[in-house]
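# Summary of structural features
If you want the building blocks of each chain, they are given just below.
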Amino acid sequence: MIDTQPQVKQTEIFSAMSELEHEQLVFCRDEATGLKAIIAVHNTMLGPAMGGTRMWNYQSEEEAIKDALRLSRGMTFKNAIAGLNIGGGKAVIIGDARTQKNEALMRRFGKFVHSLNGKYWTAEDVNMSSRDMEYVRMETPFVTGIPESMGGAGDPSPVTAYGVYMGMKASAKKVYGNDSLHGKRIVVQGAGHVGTYLIEYLIKENADVFVSDIFEDKLQNVTDQFDVKVADPKDLYAMDMDIYAPCALGATLNDETIPELKCAIVAGAANNQLDIEDKHAEMLRDRGILYAPDFLINSGGITNVYSEQQGNYNRDRVYQQTERIYEVCTEVINYAEKNETTTHRAALQLALNRINDVGKVKLGY
Ligand code: NAD
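All of these numbers come straight from a predicted model, not from anything done at the bench. (Residues numbered from 1 in each chain as written. Predicted model: local features only at pLDDT ≥ 70, side-chain atom pairs only at ≥ 80, totals over all residues. Heavy atoms only, no water.)

### Some thoughts on the pairing of strand E5 (residues 87–94)
Two faces make up the sheet, and in a regular strand the side chains alternate between them. The buried fraction of E5 is high, at 8 of 8 residues. Side-chain alternation along E5 places Gly 87, Gly 89, Ala 91 and Ile 93 on one buried face and Gly 88, Lys 90, Val 92 and Ile 94 on a second face that is also buried. In terms of strand pairing, strand E2 (residues 35–43) meets E5 through 6 bridges, oriented antiparallel. Its bridge partner lying in E5, Asn 43 is registered against Gly 88. Two elements, strand E3 (residues 49–50) and E5, share 2 bridges in a ladder whose sense is parallel. Within E5, the residue paired with Ala 49 across the bridge is Gly 87. Bridge count for strand E4 (residues 53–56) against E5 is 4 bridges, and the pairing is parallel. What sits directly across from Trp 56, in E5, is Ile 94. This β-α-β element, E4 to helix H2 (residues 61–81) to E5, shows right-handed connectivity. (Buried < 20%, exposed > 50% of the residue type's maximum accessible area, 1.4 Å probe, protein only. Helix = DSSP H or I, 4+ residues; strand = E, 2+ residues; numbered from the N terminus. Pairing = 2+ DSSP bridges. Right-handed = clockwise from strand over helix to strand, strands pointing away.)

### Some thoughts on the side chain of Glu 124
Following the sequence through the fold, Glu 124 ends up in the loop between strand E6 (120–121) and helix H5 (130–137). In this structure Glu 124 is buried but unpaired, with Lys 101 as the nearest side chain of opposite charge at 8.0 Å. At 3.4 Å, the side chain of Glu 124 forms a polar contact with the backbone nitrogen of Ser 130. (Lys, Arg positive; Asp, Glu negative; His and termini not counted. Salt bridge = Lys/Arg side-chain N within 4 Å of Asp/Glu carboxyl O. Polar contact = N/O pair within 3.5 Å; in protein donor to acceptor, adjacent residues only side chain to side chain.)

### Some points on the domain arrangement of the chain
Domain boundaries assigned for the chain yield domain 1 (19–77 + 86–150) and domain 2 (157–300 + 327–346). The C-alpha centroid of domain 2 is placed 26 Å from the C-alpha centroid of domain 1. Every contact between the two is made by 12 residues of domain 1 and, on the other side, 12 residues of domain 2. The contact between domain 1 and domain 2 buries some 1000 Å² in all, and 44% of this surface belongs to carbon and sulfur atoms. On the domain 1 side of the contact with domain 2, Trp 56, Arg 70 and Arg 98 bury the most area, a combined 47% of that side's loss. At the junction of domain 1 with domain 2, the criterion picks out 2 salt bridges. Two residues, Asp 217 and Arg 98, come together in a salt bridge whose shortest N-O distance is 3.8 Å. Connecting domain 1 to domain 2 are 3 residue pairs in polar contact (both at pLDDT 80 or more). Looking at the side of domain 1 that touches domain 2, the elements that each hand over two or more residues are E4 and H2. Ranked by residue count, the leading element in the side of domain 1 that touches domain 2 is H2, at 5 residues. (Domains from an automatic or database assignment. Contact = heavy atoms within 4.5 Å. Buried area = accessible area lost by both parts, 1.4 Å probe.)

### Let's talk about helix H11 (residues 300–310)
Most of H11 is tucked away: 10 of the 11 residues are buried. Burial in H11 covers these residues: Gly 300, Gly 301, Ile 302, Thr 303, Asn 304, Val 305, Tyr 306, Ser 307, Glu 308 and Gln 309. Here the buried face of H11 lies against E3, H2, E6, helix H6 (157–176) and helix H12 (315–338). Where H11 terminates, the next one or two residues include Gly 311, which has phi positive at roughly 85°.

### Overview of the site of the ligand
Around the ligand, 25 residues are found, and the nearest of them are Thr 160, His 193, Asp 213, Ala 248 and Asn 271. Here an oxygen atom of the ligand and a side-chain polar atom of Thr 160 are 2.7 Å apart. With respect to the ligand, the backbone of Val 194 contributes an N or O atom lying 2.9 Å from an oxygen atom. For the ligand, the protein covers 90% of the area, taking 820 Å² as the surface of the free molecule. Elements that contribute at least two residues to the shell around the ligand include exactly H6 and helix H7 (193–204). The residue makeup of the shell around the ligand, split by class, is 10 nonpolar, 10 polar and 5 charged. There are two domains that each give the shell around the ligand at least three residues, and those are domain 1 (19–77 + 86–150) and domain 2 (157–300 + 327–346). (Near = heavy atom within 4 Å. Areas by Shrake-Rupley, 256 points an atom, 1.4 Å probe, with all protein chains shown as cover. Nonpolar A, V, L, I, M, F, W, Y, C, P; charged D, E, K, R; others polar.)

### Thoughts on the packing of aromatic side chains
One pass over the structure, following the stated rule, counts 7 aromatic pairs. For the pair Tyr 162 and Tyr 165, a centre-to-centre distance of 6.5 Å together with 45° between the ring planes defines the contact as tilted. Highlighted residues: Tyr 162 and Tyr 165, both in helix H6, separated by 3 residues, approximately one helical turn. Between Tyr 162 and Tyr 201, the ring centres sit 5.5 Å apart and the planes meet at 45°, which makes this aromatic pair tilted. Highlighted residues: Tyr 162 in helix H6 and Tyr 201 in helix H7, separated in sequence by 39 residues. Each member of the pair, Tyr 162 together with Tyr 201, is buried. Aromatic rings pair up to connect Tyr 162, Tyr 165, Tyr 201 and Tyr 319 into one cluster. Taking NZ or CZ as reference, Arg 98 lies 4.0 Å from the ring centre of Phe 215, over its face. The residue whose ring lies beneath Lys 184 is Tyr 176, and the NZ or CZ to ring-centre distance is 4.3 Å. (Phe/Tyr/Trp six-rings, centres within 6.5 Å; stacked < 30°, edge-to-face > 60°. Lys NZ or Arg CZ within 6 Å of the ring centre and 35° of its normal.)

Printed below as a string of structure tokens:
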């Protein structure tokens, strides 16, 4: 029975939505499968909202909501700066992916995605695989990142890693005068999908790579394949390194870690790396650390799934488009320098310029 006189105790959600300028927040709950998910639609000015689904064992609902709001907003800027005609969205599923993720849960989630009728398109993110997207696809066509055997583009992580690599090289060019990563001490935090493909590029360039992960099996997988050293997660930030590549979760650039960092560059795949965006971007700048904006350099994955969503997937074209991250990252660095602002602000501004420009064409979904 639906309660006809509900007691609404929580009113802060609308404040949070208006603070970050969200259009819509969808709460999905299903008793039978145990699904608890949140779909956040941030902005549909350039097209339908698009962004991956993350499953995480959040400590509180507030933490999950905050993550959905932050991540979906990040997608708006990422999609815009990547030159794509899609808006920003993201979904989070609350729970332990190792024990609670199964076909029924993913398909029930797919039904919720379908209920938005194409306003939100999903894909994979942390703790999600192409197989999971296959389950979602059983219930809705509004999903990308499905296996190639089903007509999809497959796992976007290799393209994401390529874009991060491009951004890292553009940053190296600025800091060292050339973009070679040969001999550079690079710490990759997170030996997951993207981290592993990134390590492959770095090793090919003879970089001195260190890796950390919270799971032994993930570490084993990379140490079996590549000549890398394992970094102790406890001492990671204070390590003597040239480049820190966050490829795990967000908010690792914060009040505690930034003063410890000894690197010259931060360039990684993780979304929302800056705990408090402006404050921590400024702290990095003040410390003389060049920060390659996360939402720019990790946009290869969304470029990949966008091509899939458009229905004319072409891998070569996706890699060409992703290679542009090098140019755009250079443009961002130069813009920041010229306007005496942070690279984070500069990237936001360039993304906003595109939303405003293309918004004039009235492509609103
Ligand atoms: P993943 O789940 O495959 O890998 C994340 C890895 O980080 C896991 O191995 C996990 O065990 C590890 N990890 C978690 N907490 C850690 C910690 N405190 N220290 C060290 N390791 C830790 O995810 P992924 O697809 O590789 O994505 C990595 C990051 O990049 C995420 O933030 C994701 O949002 C972002 N991203 C991914 C893509 C993509 O194409 N997959 C695209 C854009 C952005």
